[in-house]
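Listed below, chain by chain, are the residues.
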Amino acid sequence: MAQKVAVLQSLWAMERRHTHETERSLEANIAMIAGAGYAGISTQCIDAGAVRRTIDCVRGQGMIIEGMCFPATVDDLKPCLELATEMGVHHLDLQPDVRPRTITEGLRLIEGWRRLAEQVDFPVLIETHRDRMTTDLYFVLDLLDQMPDLPLLADLSHFMVGREFAWPVSAEQHEMIHRVLDNSWALHGRVASREQVQIEISFPHHRMWLDLFLDWWRYGVLSWRKRAEPDATLCFTCELGPKPYAITGRDGNDTTDRWEEALTLKAAIEDLWTAAVDAPAPVVTGV
């Protein structure tokens, strides 16, 4: 078997939060995702009832599942691992819901989570995300200095807006992002500018930001291909979130159709993967 990419859709991103239209049911959302050709879904592994309902909805569809959890302590991860095991996840996305002021504090928690992760047969990846332990790019790079094999899940939008990268992005900033990608085993997809965490990728004046992220993801794909097993699957999750992530107009609703933009992003990643298959792998600076 060869390496492959699996583009997933976030169930959170399926929320409409529209001012006068109802939400779709879980069953309708999953049917919509499957019908659009996504390889699977990203969903929480926190609420047991919701997890089991999701299991019922995806049964027999062959969907890849990315689990998500938000532990604040080492022990918080235990029930999430149990639910993720029950769900049969491809990997578990851990957003560390704690804000240590020192690397030592952060390492203590990560070491505890990694000991627990040794008990399951799927990867547990630390996501880069605002308002989490990984909110700051420099803090994450310091973590990697101390723990070079730390497995990450890269959501680069948070670093873009958090560090307010100037345009054009400098060579030094590209190098820092590449170092994060060299430790990343899955990717979350949304495009940010230096001022907004999620911009409308269908707007022509945002094309430069889309191209920047596609370039970073291309590097991430090539880096992953060099490190991963010959039959491994790289998961890329389309995560165009509802408001307040999505920019809204005067009426309080999205300025674009996020579902259609997610499909555009899905196609772009599939094209990127196809183009990368025969490309030479980059020199990996981390791991």
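Computed from a predicted model, the values in this text were never measured in an experiment.

Definitions and limits used
- Residues numbered from 1 in each chain as written.
- Predicted model: local features only at pLDDT ≥ 70, side-chain atom pairs only at ≥ 80, totals over all residues.
- Heavy atoms only, no water.
- Phe/Tyr/Trp six-rings, centres within 6.5 Å; stacked < 30°, edge-to-face > 60°.
- Helix = DSSP H or I, 4+ residues; strand = E, 2+ residues; numbered from the N terminus.
- Buried < 20%, exposed > 50% of the residue type's maximum accessible area, 1.4 Å probe, protein only.
- Core = buried A, V, L, I, M, F, W, Y, C linked by side-chain atoms within 4.5 Å.
- Contact = heavy atoms within 4.5 Å.
- Pairing = 2+ DSSP bridges.
- Salt bridge = Lys/Arg side-chain N within 4 Å of Asp/Glu carboxyl O.

(A) The packing of aromatic side chains, seen in detail. Per the stated rule, a full pass over the model turns up 8 aromatic pairs. Considering the side-chain rings of Trp12 and Tyr245, the 4.9 Å spacing of their centres and the 85 degrees angle between planes classify their relative orientation as edge-to-face. You can see Trp12 sitting in the loop between strand S1 (4-10) and helix H1 (26-35) and its partner Tyr245 sitting in the loop between strand S8 (233-238) and helix H9 (258-276), a full 233 residues away along the chain. On the accessibility criterion, Trp12 (26% relative accessible area) is partly exposed. On the basis of an interplanar angle of 85 degrees and a centroid distance of 5.0 Å, the ring pair of Trp217 and Phe236 is categorised as edge-to-face. Of this pair, Trp217 sits in helix H8 (residues 207-227) while Phe236 sits in strand S8, and the two are 19 residues apart along the sequence. Taking relative accessible area as the criterion, Phe236 reaches 2% and is therefore assigned buried. Put simply, the rings of Phe165, Phe213, Trp216, Trp217 and Phe236 pair up and form one aromatic cluster.

(B) Expanded view of the nonpolar core. Leu156, Trp216 and Trp217 are the most contacted members of the largest nonpolar core, which totals 86 residues. What Trp217 contacts, discounting residues up to four positions off in sequence, is Leu156, Leu187, His188, Gly189, Arg190, Val191, Phe236, Leu265, Ile269 and Leu272.

(C) Quick look at the pairing of S8. Within S8, 6 of the 6 residues are buried, which leaves it mostly tucked inside the rest of the structure. Alternating positions in S8 separate into two faces, Thr233, Cys235 and Thr237 on one and Leu234, Phe236 and Cys238 on the other, with burial throughout. Pairing of S1 with S8, which is carried by 6 bridges, proceeds in the parallel orientation. By the bridge assignment, Val7 is partnered in S8 with Phe236. Across 4 bridges, the pairing between strand S7 (residues 184-189) and S8 is parallel. Each residue of the ladder has a partner; that of Ala186, found in S8, is Cys235.

(D) Inspection of the pattern of salt bridges at higher detail. Counting across every chain of the model gives 20 salt bridges. Note that Asp131 is salt-bridged to Arg132, the shortest N-O span being 3.8 Å. Since its relative accessible area comes to 46%, Asp131 is described here as partly exposed. Across the pair Arg218 and Asp215 runs a salt bridge, and its minimum N-O distance is 3.6 Å.

(E) Broad picture of the environment of Asp142. Assignment of secondary structure puts Asp142 in helix H5 (residues 137-146). Remark: the alpha-carbon pair of Asp142 and Arg218, spanning 76 residues in sequence, is separated by 24 Å.

(F) A look at helix H7 (residues 171-181). Taken residue by residue, H7 has Gln173, Met176, Ile177, His178, Val180 and Leu181 as its buried positions. Here the buried face of H7 lies against H5, strand S6 (152-154), helix H6 (157-163), S7 and H8.

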